[in-house]
Amino acid sequence: MKIVVAGTGYVGLVTGACLSEMGHNVTCVDIDERKVQTMKKGISPIYEPGLDELLKRNYKENRLDFTTDYVSAYKDADLVFIGVGTPEREDGSANLDYVFGVCKQIADNVENDCLVVVKSTVPIGTNDKVEEFLKENVNNDVHIEVASNPEFLAQGTAVKDTLFAKRIVIGVESKKAENTLREVYERFNQPIVVTNRRSAEMIKYASNDFLALKISFMNEIANFCEIVGADIQDVAKGMSYDPRIGNKFLNAGIGYGGSCFPKDTKALHWLANDNGYELKTIKATIEVNQNQKYKLFRAAKQRFGSLKGLKVAVLGLTFKPGTDDLREAPSIPNVRRLLDEGAEVVAYDPVGEENFKKIYPTEIEYVKSPEEALKEADLVFIFTEWDEIKSLDLNIYSEVMNTPIIYDGRNCYAINDVKEKRIEYHSIGRKAIFNIEEARSEVAATRM
Ligand code: UGA
């Protein structure tokens with residue numbers, strides 16, 4: 001079976017590498033020649049633990065190849081996985097130009113009967129349209145069928161999530177397509193859920209949107225905890241013992257980011273509207289997240305009045321730890337607001353610096369350690385819970401900052417630990433503790 005994967009982003013590249021690791025012959029197609037040459041050397045263009053090893057091993061053992069020559073690749077393909085991006089359009093809908101661009105290339109060149117498998121996250125009904133398009137445009141007299149096979153990998157754990165997936169979802173309209181995909185996934189030895197194409201497309205959106213809803217729910221409860229004096233971490237812990245709730249995705253913070261949740265919530269909401277239906281829970285999920293992003297910035301503004309001229313340290317830039325991806329990262333709009341306020345921003349991130357520089361090349365200062373960022377800072381924002389940041393000795397804050405005032409968007413520290421150090425600490429869903437000004441005036445008063 002000759003498998004071709006279109007697109008070498010997160011979904012395409014990880015799929016291609018993992019299929020070859022399971023013994024299949026896979027060719028990955030991309031339009032970027034430089035990227036193709038890099039991947040042939042076993043270097044992944046994306047930061048993803050374990051991926052380089054898979055590329056190196058399977059390329060060396062001739063199971064995995066990379067090419068820009070899509071004409072030859074599609075010509076004798078038995079199976080084409082489409083793993084290209086479906087970015088958000090201005091109105092929130094999904095942009096399918098890349099998907100149909102690949103379909104045109106397949107239709108022009110395929111000479112074998114072929115199963116086209118859509119892995120990209122696409123609106124419900126797209127697989128039907130893709131099949132219609134392929135059948136109308138195919139050049140040669142071949143049978144083309146389309147199947148949906150959504151992807152559930154998360155960045156940072158993509159290889160593990162694929163090789164040891166919790167489930168494989170296959171959306172098909174024929175037994176033949178089902179059998180082909182069962183054969184592809186046989187060696188993965190994971191539960192396979194077979195549905196029709198539209199249900200498979202919906203499973204992907206419903207899964208991502210449910211997780212986003214869970215986060216927004218916890219963020220709202222966290223905000224309310226602050227008002228009534230409860231602690232969100234204790235609340236989450238207490239909830240998590242109920243197996244119907246589970247213990248995952250209960251962490252409150254400054255909102256979800258990344259290339260999936262923001263885009264997929266908006267796309268499903270848009271699609272529902274377009275079909276004359278309002279998804280109220282998804283609408284609320286999006287609104288809560290939008291509001292949550294600026295929660296700590298607003299708190300700092302209220303606390304300081306103006307941030308003009310203050311030295312602000314920023315720890316963590318990526319949308320979550322374990323990735324260099326900045327898409328929809330809360331750090332981006334927050335840094336914008338800090339700069340608009342006239343603050344002087346010094347940032348540290350273990351892997352996100354290069355990408356952040358593409359957005360803010362000169363407007364902020366970049367440093368190589370949290371300690372450097374904190375030096376003489378008036379306040380600090382934490383946007384990503386990297387281990388380097390979570391394990392930082394709390395004494396550092398008091399020792400090197402001008403005033404140890406922390407706005408922690410990821411609840412990195414235990415309240416009791418921070419309390420002991422006499423650090424002013426604002427976090428999410430837990431009461432702010434200690435006020436450095438009040439403490440200083442108390443000390444001054446006792447000295448008089
Ligand atoms: C997400 C899903 O988790 C994957 O299952 C899915 O396949 C993928 O989207 C996709 O559609 O491609 P990903 O975007 O890589 O994966 O990242 P997550 O680990 O889900 O985190 C997303 C955001 O939610 C991050 O900003 C993270 O900080 C935030 N989050 C996560 C919370 O705020 N609280 C939590 O408890 C968990």
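Residues numbered from 1 in each chain as written. Predicted model: local features only at pLDDT ≥ 70, side-chain atom pairs only at ≥ 80, totals over all residues. Heavy atoms only, no water.

**Quick word on the overall build of the chain**
For clarity, the threshold we go by: Helix and strand assignments follow DSSP, with helices taken as H or I runs no shorter than four residues and strands as E runs no shorter than two, numbered in order from the N terminus. Taken over C-alpha atoms, the radius of gyration is set against a globule rule of 2.2 Å times the number of residues to the power 0.38. Per-residue accessibility, obtained with a 1.4 Å probe over protein chains only, is compared with the maximum for each type, and a residue is labelled buried under 20%, exposed over 50%, and partly exposed between these values. We call two residues in contact whenever any of their non-hydrogen atoms come within 4.5 Å of each other.
When you go through the chain residue by residue, the secondary structure sums to 20 helices and 14 strands. Taking 22 Å as the expected radius of gyration for a compact globule of 448 residues, we find that the chain reaches 25 Å, a close match to that expectation. The dimensions of the chain, computed from C-alpha atoms along their principal axes, are 95 × 45 × 40 Å. Looking at the chain as a whole, 53% of its 448 residues are labelled buried. When contacts within the chain are restricted to residue pairs at least 6 apart in sequence, those whose partners lie at least 24 apart make up 71%.

**Here we look at the site of the ligand**
Using the following cut-off: Near, as used in this document, describes a residue that has one of its heavy atoms within 4 Å of the molecule or strand being considered. Throughout this description, a polar contact denotes any pair of N or O atoms lying within 3.5 Å of each other; where both atoms belong to protein, one of them has to be capable of donating a hydrogen while the other can accept it, and for residues adjacent in sequence the pair is counted only when both atoms sit in side chains. To be clear on the numbers: accessible area is Shrake-Rupley with a 1.4 Å probe, and residue cover counts the displayed protein chains and nothing else. When residue character is reported, Ala, Val, Leu, Ile, Met, Phe, Trp, Tyr, Cys and Pro are called nonpolar, Asp, Glu, Lys and Arg charged, and the others, Gly included, polar.
Close contacts around the ligand come from 18 residues, with Leu153, Gln155, Lys204, Asn208 and Cys260 the closest. Backbone polar atom of Gln155 to an oxygen atom of the ligand: 2.7 Å apart, as the coordinates give it. Take Asn208: an N or O atom from its side chain is 2.7 Å from an oxygen atom of the ligand. Across the complex, the protein chains shield 89% of the 710 Å² of accessible surface that the ligand would expose by itself. It is helix α9 (residues 197-228) that contributes the most residues to the shell around the ligand, three residues altogether. Of the residues contributing to the shell around the ligand, the split by class is 10 nonpolar, four polar and four charged.

**Details of unusual backbone geometry**
Phi is positive for Glu328, which is not a glycine, with a value near 55 degrees. Looking at the secondary structure, you find Glu328 in the loop between β9 (311-315) and α14 (331-340). The phi angle at Arg422 is positive, at roughly 55 degrees, despite the residue not being glycine.

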